[in-house]
Each structure stands twice: as C-alpha cells, then as structure tokens.
Amino acid sequence: RNRTNRGGDASAHRRADVMTRLLAVETATRACSAALLWDGECQEALRLEANRHAELLIPMARELLAQRGAGFDELDALAFGSGPGSFTGLRIGMAVTQGLALGGGHPVVPVSSLLALAARVDAPRVLAAIDARMDQVYWNVYRRDPATGAMSALQEPRVSYPEDVRLPEGEWLAAGSGADAYA
C-alpha cells in the first residue's frame, strides 16, 4: 500500500515494497533492545536487565517513536529476534511484535538473533555466540559478501559447549555474550 508522508504532501508517496520505517526488537538474551529505522536513520534503546523484557519493551519502543514524533501506525513493518536464545525472552519479543503488528496491520519479519549480531561486526568472517547458560553457547559462523556487505550463514545454528565449537579454516572474529563469557 502506498501512504502519504507524515507532512501530508500527497505527491510524496513511499513504495509499498520498501520498508523505510521499521521497528525491531531483540529479547533473546538478558539484554532487552529496540531499534527504529526511520527513513535511513537508526535509533536504538538497550537495557541490560534480565527478567524485565515484558515490562520494558513497549515503553522502549514508544520512546523511540516519540523521539520521531511518530506512532506505531506510521511503521512499515516490525521485526523481532527469532533466536536462538532464552525461551521466555523469545516468546515475549515475538508476542509483543505480533500484537503491535496485528493492531496496525503491519507485516512481521523474523530475524535470526545470531545473524543480527554478526551483521553488526565489521569483519569478513564472524563467529556469533550467545550464552546459552548451563556452560553452553548458541553459535553460528557467518561470512560477509565483499560486494554487497551481506552476511550469510555457513551452517545451521548450533548449541554446544564452547570447547566443542569448530570453526572453518581462516581467521574469525568472535562476538556476543557467548564469546565474552567463555573466551
């Protein structure tokens, strides 16, 4: 659907297949975060408070939108971190995203939490690892396409003990709470 821009200029329409106003949430770990992509600019909110995701997520999203003078109805889509990660955290992120999307008729985009972590790292090869507790990590390896900058997974995500993580040949940069906890 085409919509008129916020200023009301009827000649300025955005294409329906281009998402320029996206709210994304991540709740796979003890960190609770929200990010707002708005016409090419990104704002983020992050709280490191375990077991408070349900309480924090919507106010964080509202604050990001308020900084833009916008509301949920002006979004093109919503995204959520689809894991792997904390079962309860993932359910909260998914439920909040689906509820907001249903209320506004917006599409929902699931994003691998490990892929999102790897994409933020400026390196050609990334080991993304999230602390899975019980002395284990959720992990995957990603390679950046030099032409596009896009990251692609070289395998399916895994869970294992840190000492059982096996990397392909070459230099790899490790990132995430799993890398921090078991380095």
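Residues numbered from 1 in each chain as written. Predicted model: local features only at pLDDT ≥ 70, side-chain atom pairs only at ≥ 80, totals over all residues. Heavy atoms only, no water.

Caption draft 1: Up close: the layout of surface pockets. Each pocket or cavity is described by its volume, and for the largest pocket that value is around 1400 Å³. Every residue lining the largest pocket is counted, 49 residues in all, and those nearest its centre are Glu-26, Thr-27, Thr-29, Ala-31 and Ser-33. Ranked by residue count, the leading element in the lining of the largest pocket is strand E4 (residues 31-38), at six residues. A per-class count over the lining of the largest pocket returns 28 nonpolar, 14 polar and seven charged. (1 Å grid on protein atoms, 1.4 Å probe; cavity = no way out; pocket = protein on both sides within 12 Å on 5 of 7 lines; lining within 4 Å. Points joined across faces, edges and corners; volume = space filled by probe spheres on them. Helix = DSSP H or I, 4+ residues; strand = E, 2+ residues; numbered from the N terminus. Nonpolar A, V, L, I, M, F, W, Y, C, P; charged D, E, K, R; others polar.)

Caption draft 2: Geometry of the sheet that holds strand E6 (residues 77-81). What the five strands build is an open sheet, ordered E5-E4-E3-E6-E7; its pairing is mixed. Looking along the sheet, the strands with just one partner apiece sit at the ends: strand E5 (41-48) and strand E7 (108-111). Averaged over all neighbouring strand pairs, the angle between strand axes comes to 15 degrees, with direction disregarded. Two strands pair when backbone bridges link them, and strand E3 (residues 21-26) and E4 are joined in this way by six bridges, in the antiparallel orientation. The partner of Glu-26 across the bridge, within E4, is Ser-33. (Pairing = 2+ DSSP bridges. Axes fitted to C-alpha atoms, helices over the stretch in contact; angles between N-to-C directions.)

Caption draft 3: Region of interest: helix H2 (residues 87-104). Its 18 residues place the ends of H2 26 Å apart at the C-alpha level, agreeing with the 26 Å of an ideal helix rising 1.5 Å per residue. Of the residues making up H2, those classed as buried are Gly-89, Leu-90, Ile-92, Gly-93, Val-96, Thr-97 and Ala-101. One side of H2 holds all its buried residues, which, seen down the axis, span an arc of 165 degrees. Those residues of H2 that are exposed and aimed more than 90 degrees away from the buried face are Phe-87, Leu-102 and Gly-103. Buried residues in H2 make contact with E3, helix H1 (53-68), E6 and E7. One or two steps after H2, the chain reaches Gly-105, where phi turns positive at roughly 70 degrees. (Expected span 1.5 Å × (residues − 1). Buried < 20%, exposed > 50% of the residue type's maximum accessible area, 1.4 Å probe, protein only. Arc of directions from axis to C-beta. Contact = heavy atoms within 4.5 Å.)

Caption draft 4: Just the pairing of E4, in detail. Judged by how many residues are buried, E4 sits mostly within the fold: seven of eight residues are covered. Hairpin connection, E3 to E4: the antiparallel pair is bridged by four residues. Judged from the eight bridges that link them, E4 and E5 form a sheet pairing that is antiparallel. Its bridge partner lying in E5, Ala-31 is registered against Leu-48.

Caption draft 5: Structural context of unusual backbone geometry. The amide bond that connects Gly-83 to the next residue, Pro-84, takes the cis arrangement and shows omega of 5 degrees. Checked against the element boundaries, Pro-84 lands in the loop between E6 and H2. The phi torsion at Asn-51 lies on the positive side, around 65 degrees, for a residue other than glycine. Along the polypeptide, Asn-51 turns up in the loop between E5 and H1. Given a relative accessible area of 78%, Asn-51 falls into the exposed group. Of note, Asp-135 is a non-glycine position whose phi angle comes to about 65 degrees, a positive value. With respect to the helices and strands, the residue Asp-135 is situated in the loop between strand E8 (125-133) and strand E9 (136-144).

Caption draft 6: Inspection of the nonpolar core at higher detail. One finds Leu-23, Leu-36, Trp-38, Met-60, Leu-65 and Leu-75 to be the most contacted residues of the largest nonpolar core, which totals 20 residues. For this core, the elements supplying multiple residues, two or more each, are E3, E4, H1, E6 and H2. Apart from residues no more than four positions distant in its own chain, Leu-36 is found in contact with Leu-22, Leu-23, Glu-41, Cys-42, Gln-43, Leu-64, Leu-65, Arg-68 and Leu-75. Core analysis: the next-biggest nonpolar cluster, separate from the first, contains 10 residues, Leu-114, Ala-123, Val-126 and Ala-175 among them. (Core = buried A, V, L, I, M, F, W, Y, C linked by side-chain atoms within 4.5 Å.)

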